[in-house]
Every structure is written in structure tokens, then in C-alpha cells.
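Fold and geometry: a report
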Amino acid sequence: MRVISVKDPQEMSEQAARLIMDRLRQKPKLVLGLATGGTPEGTYQKLIENHRTEGMSYRQVTTFNLDEYVGIPKMHPNNYFYYMKHRLFDHIDLPPEKAYLPNGEAEDLQTECARYEHLLKKAGGIDVQLLGIGVNGHIGFNEPGTSFESLTHVVELDESTRKANARFFSSIEEVPHQAITMGIQTIMCAREIVLLAAGEAKAEAMTRLLSGSVTEQFPASVLNHHPHVTVIADEAALKRTGNR
Ligand code: GLP
């Protein structure tokens, strides 16, 4: 696992955007795995800026998001499709039909999970997957205890995750109890993974991740078994590790 230590969230976003754009230059038909949450917002801004100033094109790109809440309508500000549309998709030339997210409003959620896996396979798998990390080590919405063999599935969200994400809702009661997420095995199939972390709230998670011990009780630890992972983290997130 390569660790890039940066000063602050701004630098983290710049480095992440640069890495994605490098890969895009090498492979214009890139299949890009995307994440939501507060952490990647700056990276998306940088990609938009570059699209505007340098004309970096996403016309041939396909994107797959990691996860989606169950039961939040597409036009609701906390829906992840809504998030992606407003923070990235509407501002670049990615064809809308090539931007995939799990459908959290599907009538049959199990069928939806299988459909998502099928779409991923059909696209040839993910070239670069962007990841954030939960305070409890979740990746996507794979909570502690999730099998490393898991594919896209429906999850019950941890109370700690609902609490952490309540900041985006008007109250914790509004935070859904379920989500659809790519599984750990789905994520591990990506050819390259870029994990972003910023802020002191992630310091403990980073210590556990970089300790190298691998356990299903700390989902992100599985990344220690992936051959091509880059962690881009700021000083605050790395403060308790030897990587500052
Ligand atoms: C959320 C998302 C994850 C994200 C993580 C961290 O619940 N489902 O994909 O990486 O938690 O979020 P943040 O970047 O806001 O700290």
C-alpha cells in the first residue's frame, strides 16, 4: 500500500484528481468507481475545474458508484445520485447513460444487487476505484463484520454510520437504516484503488488500516491484500501513524 501524506484536504483533492486524470489520459475508456461523502467533494471540484480549463473529456468514461441509500428518492438532496449529479455529472461531459449507481428505490432489492454486479462485469470491471473510509473502517457501506467474499448487497447501517451521516440530514431519524453497497469482493476486484482520508476524525481508522493487520471487523483492512492501493491522507488523519 502506497501512502501519500499531504498537508490538508485541498492537497489531498489535488493529488487524487491528478491521479484520476493521469489514468484517464492513459485510457480514455476508463471505468471509474466513485464514492460519496464529504471526503471526495474537493476531488470532484478539481476534476470539474480541469474539464473547464483544460478540456479533459469524460465522453468515453463509464462510472459506477459504490453505494446508495435505500428508500431516498432520486431528487432528494441526500440521495447519492442527486449528490453525484450536482457535484460532478452535471458539470462534465460524461454521457448520463454511462453513470451507474445502485437503485435504492428498486422494488426488488436483491434483483437490483444482482443487476449491478452484472453491469459491472459487462463493463469489464473497474479500473480505478475511489474510496473514502468510515470512522469504523467501513468502505462503501460495508460495515464491520461484512464477509470479504461479499458482492453487491443490501446492508443494515451501523448506528455509528447513521450518526456520522446525520450531519447531512435534518435529524438522525431521517437517516435510512438500509443501503445497497458494492461488496468487499466487488471492491477488491478493482484493478486500482485510491483511498482518501482527511481530518482528525479519521486518525484512528488510519492507524488501524496502516497497522497491516487484516480482519473482517475492520473492513478497510482488506486493502492490505490488494496489489495496487494508494492512500492519500492529510496530516490530521495520519497524526497517529508513522506516515506524517
Ligand atoms: C459514507 C459513505 C462512504 C464514505 C464514508 C465516509 O457513509 N457510504 O462511501 O466513504 O461514509 O464519509 P465521509 O467522507 O463523509 O467521511
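Look up a bit, the structure's there.
This one's a predicted model, so the numbers in the text were calculated from it and none came from an experiment. (Residues numbered from 1 in each chain as written. Predicted model: local features only at pLDDT ≥ 70, side-chain atom pairs only at ≥ 80, totals over all residues. Heavy atoms only, no water.)

Okay, the overall build of the protein chain next. From N to C terminus, the protein chain includes seven helices and ten strands. What you see for the protein chain is a C-alpha radius of gyration of 17 Å, in line with the 18 Å of a compact globule of 244 residues. For the protein chain, the spread of C-alpha atoms along the three principal axes comes to 45 × 40 × 35 Å. When the 244 residues of the protein chain are sorted by exposure, 55% land in the buried category. Counted over contacts in the protein chain with a minimum sequence separation of 6, partners at least 24 positions apart contribute 79%. (Helix = DSSP H or I, 4+ residues; strand = E, 2+ residues; numbered from the N terminus. Rg over C-alpha atoms; globule rule 2.2 N^0.38 Å. Buried < 20%, exposed > 50% of the residue type's maximum accessible area, 1.4 Å probe, protein only. Contact = heavy atoms within 4.5 Å.)

Let us look at the site of the ligand. Around the ligand, the structure places 14 residues, and the nearest of them are G38, T39, D67, R167 and K202. Within the contact set of the ligand, an oxygen atom lies 2.4 Å away from a side-chain nitrogen or oxygen of T39. Within the side chain of K202, a nitrogen or oxygen atom sits 2.6 Å from an oxygen atom of the ligand. Of all the cavities here, the one that holds the ligand is the largest pocket. By residue class, the composition of the shell around the ligand is three nonpolar, eight polar and three charged. (Near = heavy atom within 4 Å. Polar contact = N/O pair within 3.5 Å; in protein donor to acceptor, adjacent residues only side chain to side chain. 1 Å grid on protein atoms, 1.4 Å probe; cavity = no way out; pocket = protein on both sides within 12 Å on 5 of 7 lines; lining within 4 Å. Sits in = over half its atoms within 2 Å of the grid points. Nonpolar A, V, L, I, M, F, W, Y, C, P; charged D, E, K, R; others polar.)

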